[in-house]
Structures are given as C-alpha cells and as structure tokens.
Amino acid sequence: MSTWASWTLLVGGAAVLLAPSIAVLLGWRPTRLARADAPVRLLGAAGVTLYGAALTNEVARLAEASSGVLKACSYVALGLVGCSLTLVIVYDFLAGPSRSRRR
C-alpha cells in the first residue's frame, strides 16, 4: 500500500469513524438510536476499537517496519477487529428486546 493510501485511510478514518465514536462515548446519541434502551456506548467503543485496528496496521507500514513487526501488527489489528465485532454483536443482542417492544 502506498504512503498516500495509508495517510488517506488514517485521516479519513479519523473523520468518518473516530470522531463520531468518541462523541458517542461522551454521551451523544444519534437520532436513530435515541429511543433505544441498549447501551449505545458499546457502538462508540466498537468504532474506537476498529480505528485502533487501522491505526495499528497503518502506522507500522508508514514506519517501514520489518516483516516480523508488520506481521505482529496485522495480528493485533485482526484481534481488534474481532473485539469490535464482538462489541457490535453484544449491542445488537442487548438492543433486541427494546426493538421488539417498539413495534
């Protein structure tokens, strides 16, 4: 991946994913989720974790790290993606009863 692509991913991810995720962690509730009884902060934590995965992977590439470090960072990023996915699944599980009550 080129240097420009890595920087684009980091800056674009910060604008599109990190900023709203931090806002949700600080208490902002999007209008779509305003009536949900589920803990919306789980989605904020999932977004921060997903951005952390991108950050872990791309910073190692930008630093031109050795292949062993790149492999380790890729495994850490894969674990963070799995953690983010788990947080979204837990949110969906907890939001399930509140969605059925609204219908």
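Cut-offs used in this document
- Chains are numbered independently. Their residues run from 1 in the order of the written sequence.
- With the structure being a predicted model, the display of local features is reserved for residues of pLDDT at least 70 and the display and counting of side-chain atom pairs for 80 or more, all residues being used for whole-chain, interface and lining totals.
- Derived side-chain values reflect all non-hydrogen atoms in the structure, with water molecules and hydrogen atoms excluded from consideration.
- Each helix is a run of H or I in the DSSP string that is no shorter than four residues. Each strand is a run of E no shorter than two, and both are numbered from the N terminus.
- We compute the radius of gyration from the C-alpha atoms alone; for a globule the expected value is 2.2 Å times N to the 0.38, where N is the number of residues.
- Buried residues are those whose accessible area, probed at 1.4 Å on protein chains only, stays under 20% of the maximum for their type, while exposed residues exceed 50% and partly exposed ones sit between those limits.
- Contacts are residue-level and defined by heavy atoms, with any inter-residue pair within 4.5 Å sufficient.
- Accessible surface is estimated by sampling points in the Shrake-Rupley manner with a 1.4 Å probe; for residues, cover comes only from the protein chains shown.
- By the counting scheme adopted, Arg and Lys are positive, Glu and Asp are negative, and His together with the chain ends is not counted.
- Where a charge lies is defined by one atom per residue type: Lys uses NZ, Arg uses CZ, Asp uses CG and Glu uses CD.
- Axes, fitted as lines to C-alpha atoms, cover a helix only where it is in contact. Angles between the N-to-C directions of the axes lie from 0 to 180 degrees.
- In this scheme, roughly parallel covers angles under 35 degrees and roughly antiparallel covers those over 145, while 65 to 115 is roughly perpendicular and the rest are oblique.
- Helix crossings are classified by the rotation of the near helix relative to the far one: an anticlockwise turn of less than a right angle makes the crossing left-handed, while a clockwise turn makes it right-handed.
- Each residue is assigned to one of three groups, with Ala, Val, Leu, Ile, Met, Phe, Trp, Tyr, Cys and Pro labelled nonpolar, Asp, Glu, Lys and Arg labelled charged, and all others, Gly among them, labelled polar.
- We call a set of buried residues a nonpolar core when its members are Ala, Val, Leu, Ile, Met, Phe, Trp, Tyr or Cys and they connect through side-chain atoms within 4.5 Å of each other.
- Any helix carries an expected span of 1.5 Å times its number of residues minus one.
- The reported bend at a residue is simply the angle between two axes, fitted to the 7 residues ending at it and to the 7 residues beginning with it.
- Patches draw on residues past 30% relative accessible area with no salt bridge. Two like charges within 9 Å are joined, as are two nonpolar side chains (Val, Leu, Ile, Met, Phe, Trp, Tyr) within 5 Å.
- Between Lys or Arg on one side and Asp or Glu on the other, a salt bridge is scored when a side-chain nitrogen of the former is within 4 Å of a carboxyl oxygen of the latter.

Okay, the overall build of the chain next. Helix and strand content of the chain: 3 helices and 0 strands. In sequence order, the secondary structure elements of the chain are arranged as α-α-α. Taking 13 Å as the expected radius of gyration for a compact globule of 103 residues, we find that the chain reaches 16 Å, considerably beyond that expectation. Reported as C-alpha extents along the three principal axes, the dimensions of the chain are approximately 55 × 25 × 20 Å. Relative to its 103 residues, the chain shows a buried fraction of 26%. Of all intrachain contacts in the chain linking residues separated by at least 6 positions in sequence, the fraction that spans at least 24 positions is 66%. As displayed, the chain has an accessible area near 6700 Å², and 68% of this comes from carbon and sulfur atoms. One way to put it: in the chain the 10 positive side-chain charges average out to a point 12 Å from where the 4 negative ones average out.

The contact between helix H1 (residues 3–25) and helix H2 (residues 41–62) brings their axes to 8 Å, and the two run at 160°. Classified by the angle between their axes, H1 and H2 sit roughly antiparallel to one another. Seen from above, H1 lies across H2 with left-handed handedness. Of the residues that constitute the contact of H1 with H2, the class distribution is 16 nonpolar, 6 polar and 2 charged.

With that out of the way, let us pick up the nonpolar core. In this structure, Val24, Ala36, Ala38, Val40, Leu42, Ala46, Leu87, Tyr91 and Ala95 together form the largest nonpolar core, which totals 9 residues. When contributions to this core are tallied by element, the ones reaching two or more residues are H2 and helix H3 (67–102). Residues contacting Val24, with those up to four places away along its chain left out, are Pro30, Val40, Arg41 and Gly44.

Spanning 22 residues, H2 covers 31 Å between terminal C-alpha atoms, matching the ideal 32 Å at 1.5 Å per step. Buried within H2 we find Leu42, Gly44, Ala46, Gly47, Thr49, Tyr51, Gly52, Ala53, Asn57, Glu58 and Ala60.

Below, the discussion takes up H1. The first and last C-alpha atoms of H1 sit 31 Å apart over 23 residues, in line with the 33 Å expected at 1.5 Å per residue. At Ala14, H1 is bent by approximately 45°, the largest bend along its length. When we look at burial in H1, the residues that qualify are Ser6, Leu10, Gly13, Ser21 and Val24. Buried positions along H1 lie against H2. Remark: Gly27 follows H1 within two positions and exhibits a positive phi of approximately 120°.

Taken together, Val90, Phe93 and Leu94 make up a surface patch of nonpolar side chains, about 290 Å² in accessible area. On the secondary structure map, Leu94 appears in helix H3.

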